[in-house]
There are 2 protein chains.
Amino acid sequence: MKPRILDIRKGVLEKNDVLAGDLRNRFKDAGVFVANLVSSPGTGKTAFLERTLSLLLEKGYQAAALVGDLATENDAVRLARSGANVRQIVTGGNCHLEADMITNHLQNWEVDLDKLDFLFIENVGNLVCPSHYDLGEDVRVVLLSVTEGEDKPLKYPPMFNSADVAIITKVDLAEAVEFDRDTAIANIHNVRPGMTVFETSAKTDMGMDVWLRYLVTQQQESTTATPPS
Amino acid sequence: MKPRILDIRKGVLEKNDVLAGDLRNRFKDAGVFVANLVSSPGTGKTAFLERTLSLLLEKGYQAAALVGDLATENDAVRLARSGANVRQIVTGGNCHLEADMITNHLQNWEVDLDKLDFLFIENVGNLVCPSHYDLGEDVRVVLLSVTEGEDKPLKYPPMFNSADVAIITKVDLAEAVEFDRDTAIANIHNVRPGMTVFETSAKTDMGMDVWLRYLVTQQQESTTATPPS
């Protein structure tokens with residue numbers, strides 16, 4: 001029975017990849033830089049994203065977010081406090097976002113992609129399943145909090161391996177939880193050699209400036225790199 | 001395509017339930033009380049379980065553990081420090097344990113179920129998928145750390161709804177992270193009215209005595225309630 005499931009899952013993934021390719025073209029044409037945020041539940045994705053959105057808006061950029069959860073609209077409500085446009089995707093039982101959910105939720109949204117500089121997608125809190133699903137993003141960002149333990153990258157290699165950058169969150173708590181920074185970064189690089197790692201606190205703003213500079217540079221490069229259509 | 005996947009998943013679940021039923025009978029016959037621990041990555045399942053095993057062994061009980069991870073044997077090494085017999089189940093890409101993995105790993109293990117009082121199964125860190133898979137356990141224990149946010153039960157209702165008891169971990173950090181205990185417990189009870197909640201710290205041992213008393217009582221009740229075979 002198992003091979004049949006794998007075959008069908010493969011079909012679903014292939015279909016997802018086609019839709020993700022369409023999304024990627026659409027984002028490129030609109031000149032919007034898209035980041036897909038993945039982590040386990042409780043890493044602080046929402047607090048980190050709320051702060052990121054606020055800081056980008058303060059600097060005059062246009063930013064919006066789609067946020068996935070199994071249930072509740074809590075995260076959209078929290079993120080909207082930043083002033084950005086935010087839309088919740090309630091996945092029902094689904095433990096990850098898929099490209100067609102993004103396509104569907106871009107329809108009938110008050111946000112015009114052409115006017116956006118940044119679109120963030122906050123994935124469902126899950127360190128396993130979202131690694132398989134491309135959403136057409138420019139960068140996949142994996143978050144890891146200092147309270148989670150330094151060996152997460154070794155225990156969830158597909159997620160860390162499929163990500164482009166890693167964010168260590170809640171560094172204001174590092175001392176209280178005896179976080180071993182060097183080991184954590186060594187473990188990240190063990191799974192994904194050379195991956196850029198940002199160390200941040202959404203509470204104290206530590207490291208948020210470096211992260212923002214990275215985003216702005218990436219957005220400028222991706223926009224100027226677009227061939228005229 | 002989706003209905004076909006659902007049909008096949010249902011088939012897999014039905015097969016799992018049959019195997020889980022066999023395991024449950026086997027555990028009952030052996031007089032061993034079995035707990036299945038589920039949570040997101042980083043909640044502190046391993047630290048909590050290591051301390052639980054140590055305390056049970058100190059009191060003269062026989063306890064062992066099976067521990068599931070996508071990759072690495074780290075958790076088995078950590079848990080073995082308690083002095084208990086521990087066996088790692090590396091699931092490869094699988095984001096949860098299934099009954100057949102338990103059956104397979106009980107074979108050729110130096111542990112004799114008949115001599116055990118307690119068997120713990122530490123599931124893969126994932127707040128979604130393990131909720132669907134019965135492992136033949138007596139109790140399913142969901143863990144939630146004070147660093148994760150009080151709304152996890154609302155955002156992951158199937159996991160909290162399918163659990164028998166909840167453990168709040170890392171309560172020594174509650175003040176540092178401004179944990180709102182009343183809201184967290186209200187959210188747990190919103191999803192699963194009346195569920196027993198233990199508040200613990202594996203670091204300071206806070207609440208571990210209450211949790212241990214619960215385990216011992218449950219084990220005695222389940223053993224004496226077994227009809228003679």
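Residues numbered from 1 in each chain as written. Chains lettered and ligands numbered in written order. Predicted model: local features only at pLDDT ≥ 70, side-chain atom pairs only at ≥ 80, totals over all residues. Heavy atoms only, no water.

Our next topic: the overall build of chain A. Helix and strand counts for chain A stand at 8 helices and 7 strands. In summary, chain A has a C-alpha radius of gyration of 17 Å against a globular reference of 17 Å for 229 residues, a match within 12%. Once the C-alpha set of chain A is aligned to its principal axes, its extents read approximately 55 × 45 × 35 Å. Residues counted as buried form 57% of the 229 residues belonging to chain A. Taking as baseline every contact in chain A between residues at least 6 positions apart, the subset at least 24 positions apart corresponds to 74%. Counting every atom, chain A has about 9400 Å² of accessible surface; 49% of that belongs to carbon and sulfur. Charge separation in chain A, taken as the distance between the mean sites of 23 positive and 33 negative side-chain charges, equals 4 Å. (Helix = DSSP H or I, 4+ residues; strand = E, 2+ residues; numbered from the N terminus. Rg over C-alpha atoms; globule rule 2.2 N^0.38 Å. Buried < 20%, exposed > 50% of the residue type's maximum accessible area, 1.4 Å probe, protein only. Contact = heavy atoms within 4.5 Å. Areas by Shrake-Rupley, 256 points an atom, 1.4 Å probe, with all protein chains shown as cover. Lys, Arg positive; Asp, Glu negative; His and termini not counted. Charge placed at Lys NZ, Arg CZ, Asp CG, Glu CD.)

For these two chain copies, the linking operation is a rotation about an axis paired with a shift along it. The operation relating chain A to chain B is a screw motion whose rotation component is 180°, with 0.0 Å of axial translation and a residual RMSD of 0.0 Å. What we have between these two chains is a two-fold relation. By residue overlap, the copies meet face to face through one surface: 100% of the interface positions of chain A are interface positions in chain B. (Least-squares fit on C-alpha atoms with pLDDT ≥ 70 in both.)

All names here are of chain A. Tallied over the full model, the rule gives 14 aromatic pairs over all chains. Ring geometry for Phe-33 against Phe-118: centres 6.2 Å apart, planes inclined by 80°, an arrangement best described as edge-to-face. In this pair, Phe-33 sits in strand β1 (residues 33–38) while Phe-118 sits in strand β4 (residues 118–122), placing the two residues 85 residues apart along the sequence. The two residues Phe-33 and Phe-118 agree in class, both being buried. Each ring, one from Phe-198 and one from Trp-211, has its centre 5.6 Å from the other, and the planes form 70°; the classification is edge-to-face. Of this pair, Phe-198 sits in strand β7 (residues 196–199) while Trp-211 sits in helix α8 (residues 208–224), placing them 13 residues apart in sequence. Given a relative accessible area of 0%, Trp-211 falls into the buried group. An aromatic cluster of three or more residues is present, and its members are Phe-33, Tyr-61, Phe-118 and Phe-120. (Phe/Tyr/Trp six-rings, centres within 6.5 Å; stacked < 30°, edge-to-face > 60°.)

Next up on the list: the packing of helix α2 (residues 45–58) of chain B against helix α8 (residues 208–224) of chain B. All names here are of chain B. The interhelical angle for the contact between α2 and α8, taken along N-to-C directions, is 65°, at an axis separation of 11 Å. Compared by their axis directions, α2 and α8 come out roughly perpendicular. The two elements α2 and α8 meet at a crossing, and its hand is right-handed. Contact residues: Phe-48, Arg-51, Thr-52, Leu-55 and Leu-56 in α2; Met-208, Trp-211, Leu-212, Leu-215 and Val-216 in α8. Tallied by class, the residues present in the contact of α2 with α8 amount to 8 nonpolar, 1 polar and 1 charged. (Axes fitted to C-alpha atoms, helices over the stretch in contact; angles between N-to-C directions. Parallel < 35°, antiparallel > 145°, perpendicular 65-115°, else oblique. Left-handed = near helix turned anticlockwise from the far one by under 90°. Nonpolar A, V, L, I, M, F, W, Y, C, P; charged D, E, K, R; others polar.)

Here the focus is the layout of surface pockets. Considering only enclosed or pocket space, the second largest pocket measures out at about 950 Å³ in volume. Gly-44, Ala-47, Arg-78 and Lys-170 of chain A together with Thr-147 of chain B are, among the 44 residues lining the second largest pocket, the residues nearest its centre. At the level of secondary structure, the elements contributing two or more residues to the lining of the second largest pocket comprise α2 (45–58) and α3 (74–80) of chain A together with α5 (152–155) and α7 (181–191) of chain B. The element that contributes the greatest number of residues to the lining of the second largest pocket is α2 of chain A, accounting for 7 residues. Here the residues of the lining of the second largest pocket sort into 10 nonpolar, 17 polar and 17 charged. (1 Å grid on protein atoms, 1.4 Å probe; cavity = no way out; pocket = protein on both sides within 12 Å on 5 of 7 lines; lining within 4 Å. Points joined across faces, edges and corners; volume = space filled by probe spheres on them.)

The subject of this paragraph is the sheet that holds β7 of chain A. All names here are of chain A. Spatially, 7 strands are ordered β3-β2-β4-β1-β5-β6-β7 in an open sheet, and the strand pairing comes out parallel. Only two strands of the sheet have a single neighbouring strand rather than two, namely β3 (85–90) and β7. Going across the sheet, the axis of each strand differs from the next one's by a mean of 20°, ignoring polarity. As paired strands, strand β2 (residues 63–69) and β4 are joined by 5 bridges and run parallel to one another. Bridging from a neighbouring strand, Val-67 pairs with Glu-122 of β4. Along the sheet, α2 makes contact with β1, β2, β4, β5 (139–145) and β6 (165–169), crossing β4 at roughly 170°. With respect to the sheet, helix α4 (residues 99–106) is in contact with β2, β3 and β4, its orientation differing from that of β3 by roughly 135°. (Pairing = 2+ DSSP bridges.)

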